[in-house]
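# Structure assessment
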Amino acid sequence: MAFYKIITGAALAVALAAPALAQDNPSVAARQGQFKLYGHNLSVVGGMAQGRMEYDAAMAQTAADNLFHLTRHDQSRLWPEGTDSSSLIETRAKAEIWENLDDFTAKFVALQEASVALQAAAGNGLDALRPAVGALGQSCGACHEDYREES
Amino acid sequence: MKPAVYGLLALAVIGGVTGWFITRPTALPSTVSDRLTGDAEAGERVFLASGCASCHMGTDDGADPKLLLGGAAFQTQFGTFYAPNISPDPDHGIGDWSQAQFLNAVMRGVSPEGQHYFPAFPYTSYTKADPQDMADLYAYMMTLPADATPSRAHDVAFPFDIRRSVGLWKVLYMNRDWVVTGDLTEQETQGRYLAEALAHCAECHTPRGALGGLDRAAWLEGAPNPSGSGRIPPISGADFTWSAFDISAYLETGFTPSFDVAGGSMAKVIANLGQLEKPELDAIAAYILRAAQQ
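Residues numbered from 1 in each chain as written. Chains lettered and ligands numbered in written order. Predicted model: local features only at pLDDT ≥ 70, side-chain atom pairs only at ≥ 80, totals over all residues.

Identification of chain B as Cytochrome c from Roseinatronobacter domitianus is taken from an unreviewed UniProt entry.

Going by the annotation in an unreviewed UniProt entry, the name recorded for chain A is Cytochrome c, with Roseinatronobacter domitianus given as the source organism.

### Structural notes on the UniProt feature "domain: Cytochrome c" (unreviewed entry) in chain B
Under the feature "domain: Cytochrome c" (unreviewed entry), the UniProt entry names residues 38-145 and 186-292 of chain B. Secondary structure across residues 186-292 of chain B comprises 50% helix and 4% strand; the distance between its end C-alpha atoms is 17 Å. (UniProt positions renumbered as here; feature names shortened; annotations may be inferred. Helix = DSSP H or I, 4+ residues; strand = E, 2+ residues; numbered from the N terminus.)

### Regarding unusual backbone geometry
In this chain, F158(B) is followed by P159(B) through a cis amide linkage whose omega measures 0°. In this structure, P159(B) sits in the loop between β3 (155-156) and α8 (163-173). Phi is positive for E90(A), close to 65°, though the residue is something other than glycine. Looking at the element boundaries, E90(A) is found in the loop between α3 (57-70) and α4 (96-99). Under the C-beta neighbour-count criterion, E90(A) is labelled partly exposed, with 14 such atoms within 10 Å. (Buried ≥ 20, exposed ≤ 12 C-beta atoms within 10 Å, placed from the backbone.)

### A word on the interface of chain B and chain A
The interface of chain B with chain A comprises 20 residues on the first partner and 16 residues on the second. Of all the elements in the fold, those that place two or more residues in the side of chain B that touches chain A are β5 (231-232), α11 (244-253) and α12 (264-273) of chain B. Sort the elements by how many residues they give to the side of chain B that touches chain A and α12(B) lands first, with three residues. Residues belonging to the side of chain B that touches chain A are distributed by class as follows: eight nonpolar, nine polar and three charged. (Contact = placed C-beta atoms within 7 Å. Nonpolar A, V, L, I, M, F, W, Y, C, P; charged D, E, K, R; others polar.)

### Re the sheet that holds strand β2 (residues 79-82) of chain B
Residues and elements named next belong to chain B. In spatial order, the strands read β1-β2-β3; together these three strands make up an open sheet with antiparallel pairing. Edge positions in the sheet fall to β1 (73-76) and β3, since each has one partner strand and no second. Relative to β3, β2 is paired through two bridges, and the arrangement is antiparallel. Directly across from G79, in β3, lies its bridge partner V156. (Pairing = 2+ DSSP bridges.)

### Here we look at the confidence of the model for chain A
All names here are of chain A. Here chain A averages 89 in pLDDT, and 85% of its residues register 70 or above. Mean pLDDT across the elements of chain A ranges from a minimum in helix α1 (residues 2-17), with 49, to a maximum in α3, with 98. Counting interchain partners and residues more than four positions distant, the pLDDT-below-50 stretch residues 10-18 has zero contacts. (pLDDT = per-residue confidence, 0-100.)

### Describing the packing of helix α5 (residues 99-108) of chain B against helix α7 (residues 131-141) of chain B
Residues and elements named next belong to chain B. Packing of α5 against α7 leaves a shortest axis separation of 10 Å and a crossing angle of 120°. In terms of axis orientation, α5 runs oblique to α7. Crossing of α5 over α7 shows right-handed handedness. Contacts between α5 and α7 involve Q99, F102, L103, V106 and M107 from the former and P131, M134, A135 and Y138 from the latter. Residue classes in the contact of α5 with α7 are distributed as eight nonpolar, one polar and no charged. (Axes fitted to C-alpha atoms, helices over the stretch in contact; angles between N-to-C directions. Parallel < 35°, antiparallel > 145°, perpendicular 65-115°, else oblique. Left-handed = near helix turned anticlockwise from the far one by under 90°.)

Printed below as a string of structure tokens:
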């Protein structure tokens, strides 16, 4: 039994010494899930814009509606202090977010506005969809450029 | 003194003279510029492909990518480099440069004052460019708006602050040979020119040695971010599985195949490169896949 005690003790020591995983933090897990859902819907409207799939007005509208609602999800509990990339592994959220919360918020509002425009355009044909998807992508990129670690 | 000491002294003098000689800034032959006339309209595509604005535009949100006032900081292991003002302002930018001086700067890394530029400025890539394209680029850049913001001095520690030492660096690492060689298709050849000479993908996507030279044996295989934290992802090797369609679509729209959106320094790259014609982006994609086979 002594052998098992040593193994258990060693495993416990490793577990205690390991840096905090982002997945252990419910706020981080939730916000990463939110971004996965953005991507899941972007794969429809972005896929049509890129020519990966045929344009379908109803599918495009559904995905754009989803993006509209997803970007209305209240963010207040998703970004607690201490959940940046220097505090947790497996998050790429830079500490600069919390140093520039006004700008971060403004960039999120720009995403919300782009999703309104996409919702209005998505069902009106591929030529209407493409620039609206491009603008939405740019609003994503504007935030990634300043506030997300390279990888 | 013993003869051996004289011998050593003589060697030191020869070494010093040789070192002084091989590290001297060498200009392009003036005849290269003399026979070229730049076309500003054609230069816009060179400007977009070469990514000048990615580094030299202002740092504020919503900054105009055609107002090249500089100021962006690049923190490296050698110190912090600040992108200079390259707008056509005659006092603080490059407005008083001749075409020959411009060609020397971008293709040889030599300033109008005859000093070496630090290779944070990717003349190591532009040296492979067609001089006509660089003349077109000069003509185009002289049509852009001027700005009188002074350039900020680089903050580089000894011994890297000795400009002359860059001459030795150039001897070691400035290589005008194409990295990807062999029997390339016309499209791959066009892509190689765009990627290796103009867009300088390798400057971030290829790892560097201790002195900052690109490791040509690990071409495009990903690297630590040369100016900040994190890593620049591989675009060659086993971990890179994108198709030509994926690469071209990403450069055009910023969406990855899993519909993530480009960020970091790549966001700025795409803002410029994405304006090229689709066949040019397809050519870059063809080149990248060809490079992965080498």
